[in-house]
Amino acid sequence: MLRFFWWILGAGLAWIASVLVVMAQPAGSTATVRPDHTMPLAEGRAAADANPKLTQDADGFVFEPGTEMARMDLREIAKGDYYLSKSQFDQAYACYLTAFETGNRSIYLLAQLGISAEVRGDKDAALRYLAQAAGRLKLALLDEPIAAPYLRGYETPTLRAARKPVTLRTGRSVVYYQMVAQAEAADHAGLVATATRFYEPLVRHDKELLCLLAQAYRAQGQFRKALAQLDAALPLPNTPRADNRLVYRLKGLLLAANLHQPDEGCPYLTKAAALGDAPSVEEKAVYCK
C-alpha cells in the first residue's frame, strides 16, 4: 500500500512538472509537449496476458476488441498523442496522418496534425490543417475543450482508473498555433484574416497575438493599425514570447522608422533597451541620433 502511495505521488509530481515546463516553452519549441495521455508500451504485453479481454496491436497498444478503441483511426490518434507527449514529433505526425488517411476529419485530429506539423517545422502542413480546424470552430465554444474521439482510455489495469476522457487542448490553442504558424510563414494576410475573425473572444486578450498582429499590419504598411494593436497589448499580462520589451521595440520602430517620428519612437526603443532587449540597442543606434 505504501509503495502504491509513493507511485501515485511520483506520477502526480511528474505530471505537474511537465505542465510547468510546457507553459514556459514558446510555441514551436521542440523541447516538450504536455502529455494528456500515456500509452502503455512497456506494460502492454503483461496487461494483455493478464486479461483475456485485452489484446495488443503491432505497436504495443493495448485495447479491448469490440470497443471504440478497436477502430484503427482512434488508436492511431491515441498513439500520436503518446508520441507528442514524448516530443517524438515525426512519429506523432505519422500516426495522425495515418488516422487522417482513414477519412477521420475531427477537429481534434486536424488540430493535432497542425500542431505536430508546426513543431516539426513543416509550416505549409501546419497552416493547411490548422486552417481547417479553426474554420470549424464556433466562436461561442472557443473556450470549450475539444473532445478526444476516444473515451475509454487505454485498457490497462494501471491506467484505467486515471484515464482522462477529454484532452486539455482547447479551441484557443488551435487559433494560437495557427497564428504562430502564419507569422513564421510570413503569411501576413492570412494572419490578419485569422485575427480579425477571432479578435474579440481571443486575440485582443493576448499580448503575444496582438504583437503578431501588429507585425503583420506593419508588413502590409498599415502602420496606424499596427500601433493600435501595440497600445492594446501594453497593459496585458506578459507571455513567454511577448513582454513589454517587445511591445516597446515594435512601437519604437513603427514611430521612428515607418512613420518618421523619431522624437516619439526613440523613447520606446530606450525603454526596451533599458529592459535588456538587445535588438532595441541596435535599432536605437540606427534611428535615434
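Everything numeric in this text was worked out from a predicted model, so none of it was measured.

About the thresholds
- The residue numbers shown here count from 1 along each chain, following its written sequence.
- Totals for whole chains, interfaces and linings use all residues, but because this is a predicted model, local features are given only for residues with pLDDT of at least 70 and pairs of side-chain atoms are given and counted only at 80 or more.
- To obtain the side-chain values, all non-hydrogen atoms of the structure were included, while hydrogens and water were left out.
- In this text, helices come from DSSP runs of H or I with a minimum length of four residues, and strands from runs of E with a minimum of two, each type numbered from the N-terminal end.
- Ring pairs shown here join Phe, Tyr and Trp side chains whose ring centres sit within 6.5 Å, with only the six-membered ring taken for Trp; geometry is labelled stacked below 30 degrees between planes, edge-to-face above 60, and tilted in between.
- A simple rule labels every residue: compare its accessible area, found with a 1.4 Å probe on the protein chains alone, to the largest value its type can have, and call it buried under 20%, exposed over 50%, or partly exposed in between.
- Contacts were defined at the residue level, with two residues in contact if any of their heavy atoms lie within 4.5 Å.
- The pLDDT value expresses, per residue, how confident the predictor is, ranging between 0 and 100.
- Disulfides are defined as pairs of cysteine sulfur atoms found within 2.5 Å of each other.
- What a helix should span is 1.5 Å times the count of its residues minus one.
- In plain words, nonpolar cores are sets of buried Ala, Val, Leu, Ile, Met, Phe, Trp, Tyr and Cys residues tied together by side-chain atoms within 4.5 Å.
- Axis geometry follows a simple rule: fit a line to the C-alpha atoms, using only the stretch in contact for helices, then measure angles between N-to-C directions, giving values from 0 to 180 degrees.
- Each angle is binned into one of four classes, with values under 35 degrees roughly parallel, values over 145 roughly antiparallel, values of 65 to 115 roughly perpendicular, and all other values oblique.
- Each crossing gets its handedness from the near helix: less than a right angle anticlockwise from the far helix is left-handed, clockwise is right-handed.
- Each residue gets one of three labels, nonpolar for Ala, Val, Leu, Ile, Met, Phe, Trp, Tyr, Cys and Pro, charged for Asp, Glu, Lys and Arg, and polar for the others, Gly among them.

A.B. asks: I would appreciate a short explanation of the environment of A140 in the present structure.
C.D. replies: Inspection of the secondary structure assignment puts A140 in the loop between α6 (123-135) and α7 (157-160). A C-alpha to C-alpha distance of 8.6 Å links A140 and P201, two positions 61 residues apart in sequence.

A.B. asks: It is not clear to me how the packing of aromatic side chains should be interpreted in this structure. Could you clarify?
C.D. replies: Aromatic rings considered in pairs are described by the distance between their centres and by the relative angle of their planes. Scanning the model with the defined rule gives 4 aromatic pairs in all. Measuring from centroid to centroid gives 5.4 Å for F100 and Y129, while their planes differ by 75°, and the two rings are edge-to-face. One end of the pair, F100, is in helix α4 (residues 89-101); the other, Y129, is in helix α6, with 29 residues separating them in the sequence. Judged by relative accessible area, F100 falls into the buried class, the value being 14%. Classification of Y129 by relative accessible area gives buried; the value is 5%. A centroid spacing of 5.5 Å and a plane angle of 85° characterise the contact between Y176 and Y177, whose relative ring orientation is edge-to-face. Take Y176: its relative accessible area is 17%, and that puts it in the buried class.

A.B. asks: Help me understand the side chain of S116, please; the structure alone is not making it clear to me.
C.D. replies: Along the chain, S116 turns up in helix α5 (residues 107-120). S116 gets classed as buried once you look at its relative accessible area, which sits at 0%. Setting aside residues up to four positions removed in sequence, S116 forms contacts with L84, Y93 and Y96.

A.B. asks: Explain the confidence of the model for the protein to me, please; I cannot follow it from the model alone.
C.D. replies: Low-pLDDT stretches of the model should not have their predicted coordinates read in fine detail. Residues with a pLDDT of 70 or more make up 75% of the protein, whose mean pLDDT is 79. Low pLDDT (under 50) marks residues 152-157, which in the prediction has 24 contacts with non-local residues, meaning those over four places away or in another chain.

A.B. asks: How should the state of the cysteines be read in this particular structure?
C.D. replies: Simply put, disulfide is the name for a covalent bond between the sulfur atoms of two cysteines. Applying the stated criterion across every chain yields a total of 1 disulfide. There is a disulfide in this structure between C266 and C288, and the S-S distance comes to 1.9 Å. Handedness here is read from the sign of the S-S torsion; for C266 and C288, about -105°, the answer is left-handed. Of the two residues, C266 is situated in helix α13 (residues 262-274) and C288 in the segment after α14 (278-287); the sequence distance between them amounts to 22 residues. A single burial state applies to C266 and to C288, both of which are buried.

A.B. asks: When you look at α4 in this model, what are you seeing that I'm missing?
C.D. replies: Owing to its 3.6 residues per turn, the α-helix brings residues three or four apart onto one side. If you check α4, its first and last C-alpha atoms are 18 Å apart, about what 13 residues at 1.5 Å a residue would give, namely 18 Å. Where the residues of α4 are buried, they touch α3 (72-85), α5 and α6. Among the residues trailing α4, G103 stands out with phi positive, at a value near 110°.

A.B. asks: I would appreciate a short explanation of unusual backbone geometry in the present structure.
C.D. replies: Across the chain, the bulk of peptide bonds are trans and the bulk of non-glycine residues have phi less than zero. Positive phi outside glycine occurs at A186, with the angle close to 60°. By secondary structure assignment, the location of A186 is in the loop between α8 (171-184) and α9 (188-197). A positive phi angle, near 55°, is found at H260, a position not held by glycine. Within the fold, H260 resides in the loop between α12 (244-258) and α13. Its relative accessible area of 63% is what places H260 among the exposed residues.

A.B. asks: Would you mind showing me how to read the nonpolar core here?
C.D. replies: Counting 65 residues, the largest nonpolar core has V174 and V203 as the members making the most contacts within it. It is α5 that contributes the most residues to this core, 9 residues altogether. Apart from the residues within four sequence positions on either side, V174 is in contact with A111, L130, A133, A134, L137 and I146.

A.B. asks: Help me understand the packing of α3 against α4 in this model?
C.D. replies: To characterise two packed helices, one gives the angle between the axes of the helices and the distance between these axes. Running from N to C, α3 and α4 point in directions that differ by 165°, and their axes come no closer than 8 Å. Comparing their axes, α4 and α3 come out roughly antiparallel. In this structure, α3 meets α4 at a crossing whose hand is left-handed. Residue-level contacts link M72, D73, E76, I77, K79, G80, D81, Y83 and L84 of α3 to F89, Q91, A92, C95, Y96, T98 and A99 of α4. Of the residues that constitute the contact of α3 with α4, the class distribution is 9 nonpolar, 3 polar and 4 charged.

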